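# Close look at the chain arrangement
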Amino acid sequence: MDLTGLLGPSRPLPVQVRPVAGESTGSFVRRLGRANGLDLASFLDRVGQGEASKDPEQVEKYPQYIEMKVNAAGRTYLSVLSGLDVGLLQRALPSLADDLLLPGTGPAMWQWPWEAESGHLVPWCASCGYRRQVSERVWLMSADCWQVCGRHLWWTDDSRGTDPEAVSVAALAECVAAHRDRLRLQGKFKSAGEELFADACQVMYQWWTYAPDTLVWVQRAWTAGLEARSARAVPLVVFPEAVKLAWLMLRFEQAGLRTPQDRGRWLVRVQRQADVWDVDFTAGKNALLQWLERHSRPAATHAEAAAAGRRRLVLAERHNRIAARAGSLQQRSCMPHA
């Protein structure tokens, strides 16, 4: 019987691997194991006790489908094996955050739950990997079910076994611009900006459901090499409008004016923008009305909001009751999942 998992490792493995920022724990441990000639099933014996498939080939596929969880002792084992301190591992691997560990202070344990709590498993841009001399596939824990690489203009997502594996957005200038605008929104307004983007995405997904044959969205899907009506295409084809809508939502929140007349004027502003986008406003009106209803009461008085500062925007009361402070875009939105 191999007692390593019970007694704990005493020294780092001979070959060290640097984690990628945002990498899933499962992805990192598989890379660390392979660098040292160990398949994933064999490596797991070194980081504690748990249950996995009896078939090593099936275990090897785990990181692309599910995330690995460990308890505090298991995280310490991983720190020893990787030669990296716990703090560095936590900063690089989101699933090692204290609030995402398995409960308990007992012996080292690991699990592979079927659903990731903190987001989606999305492949890292292969061009970034090549640049960093990382030859193996790396899986990120992403708040979105997709990622945009602004450097190499690739869109990757959590779809499995479908072509193309990664989508080039080089020919979609509006998507590249939207990516930069979203980073600006998030950089200036932190979590409020991210939550408004999450709301905007859910509104646009509903909008697409009622108008999937909108020409601008169909053309984007075709340019990206995707089926226009596929679920995979939706986040990409509505991305530019989602970012612009998030900025419009931000202006509504900043104004702090919530009377029926104020909401009506905001709707007219969105309608004008929809005309510019060449998107049918009526298809998205119900979702917009639902968003307005959930943002009908501010969370703070005008004086409190001013004291918080423009970059520390306090969102509407009902939004804050519904939306989570962390997790996936769906969880961080006050809108129902489309």
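Above this text you will find the structure in question.
Residues numbered from 1 in each chain as written. Predicted model: local features only at pLDDT ≥ 70, side-chain atom pairs only at ≥ 80, totals over all residues. Heavy atoms only, no water.

## Some details on the state of the cysteines
Disulfide: a covalent bond formed between the sulfur atoms of two cysteine residues. Cut-off, in case you're wondering: The disulfide criterion is simple: two cysteine sulfur atoms within 2.5 Å. In this scheme, a residue with accessible area under 20% of its type's maximum is buried, one over 50% is exposed, and one in between is partly exposed, where area comes from a 1.4 Å probe on protein chains only.
Summed over all chains, the structure comprises zero disulfides. For Cys-128, which is in no disulfide, the shortest distance to another cysteine sulfur is to Cys-149 and amounts to 3.5 Å. On the basis of relative accessibility, which here comes to 9%, the residue Cys-149 falls in the buried class.

## Some remarks on the sheet that holds strand β5 (residues 146-149)
What counts is decided by this rule: Strands are treated as partners if at least two bridges between them are detected by DSSP. Elements are defined by DSSP. Helices are runs of H or I of four residues or more, strands are runs of E of two residues or more, and each kind is numbered from the N terminus.
Read from one edge to the other, the open sheet built from three strands follows the order β5-β6-β7, with strand pairing classed as antiparallel. Taken across any chain shown, the strands that pair with only one partner, and hence form the sheet edges, are β5 and β7 (167-168). Here strand β6 (residues 154-157) runs beside β7; their pairing, made up of two bridges, is antiparallel. What sits directly across from Trp-154, in β7, is Ser-168.

## Some remarks on the packing of helix α8 (residues 173-210) against helix α11 (residues 239-255)
Two numbers describe a pair of packed helices, the interaxial angle and the distance between the axes. Put simply, the test is: Convention adopted: a line fitted to C-alpha atoms gives each axis, helices being fitted over their contacting stretch, and angles between N-to-C directions are expressed from 0 to 180 degrees. Note on terminology: angles under 35 degrees are roughly parallel, angles over 145 are roughly antiparallel, angles of 65 to 115 are roughly perpendicular, and the others are oblique. Should the near helix be turned anticlockwise from the far one by less than a right angle, the crossing is left-handed, and should it be turned clockwise, the crossing is right-handed. Each residue gets one of three labels, nonpolar for Ala, Val, Leu, Ile, Met, Phe, Trp, Tyr, Cys and Pro, charged for Asp, Glu, Lys and Arg, and polar for the others, Gly among them.
Close contact between α8 and α11 brings their axes to 8 Å; oriented N to C, the two are set at 50 degrees. Judged by the angle between their axes, α8 and α11 are oblique. As for the relative orientation of α8 and α11, their crossing is left-handed in sense. Per-class residue counts for the contact of α8 with α11 are 19 nonpolar, two polar and seven charged.

## A few points about unusual backbone geometry
In most cases, non-glycine residues show a negative phi, while peptide bonds are predominantly trans. Backbone geometry places Gln-133, a non-glycine residue, at a positive phi of 60 degrees. Within the secondary structure, Gln-133 is located in the loop between α7 (126-131) and β4 (139-142). Judged by relative accessible area, Gln-133 falls into the exposed class, the value being 76%. Positive phi, normally seen in glycine, also occurs at Lys-190, with a value near 50 degrees. Its location among the elements puts Lys-190 in helix α8.

## Details of the layout of surface pockets
For the record, the criterion: A pocket, in this scheme, is an open set of points on a 1 Å grid over the protein atoms alone with protein on both sides within 12 Å along at least 5 of 7 lines, while a cavity is a set where a 1.4 Å probe fits but cannot get out; residues line either one if an atom lies within 4 Å of a point. Grid points are joined across faces, edges and corners, and a volume is the space filled by probe spheres set on the points.
In this structure, the largest pocket spans a volume of roughly 690 Å³. Taken together, 31 residues make up the lining of the largest pocket; nearest its centre are Met-141, Ser-142, Ala-143, Asp-144 and Gln-147. Of all the elements in the fold, those that place two or more residues in the lining of the largest pocket are β4, β5, β6 and α8. With five residues, α8 is the single largest residue contributor to the lining of the largest pocket. Broken down by class, the residue content of the lining of the largest pocket amounts to 16 nonpolar, eight polar and seven charged.

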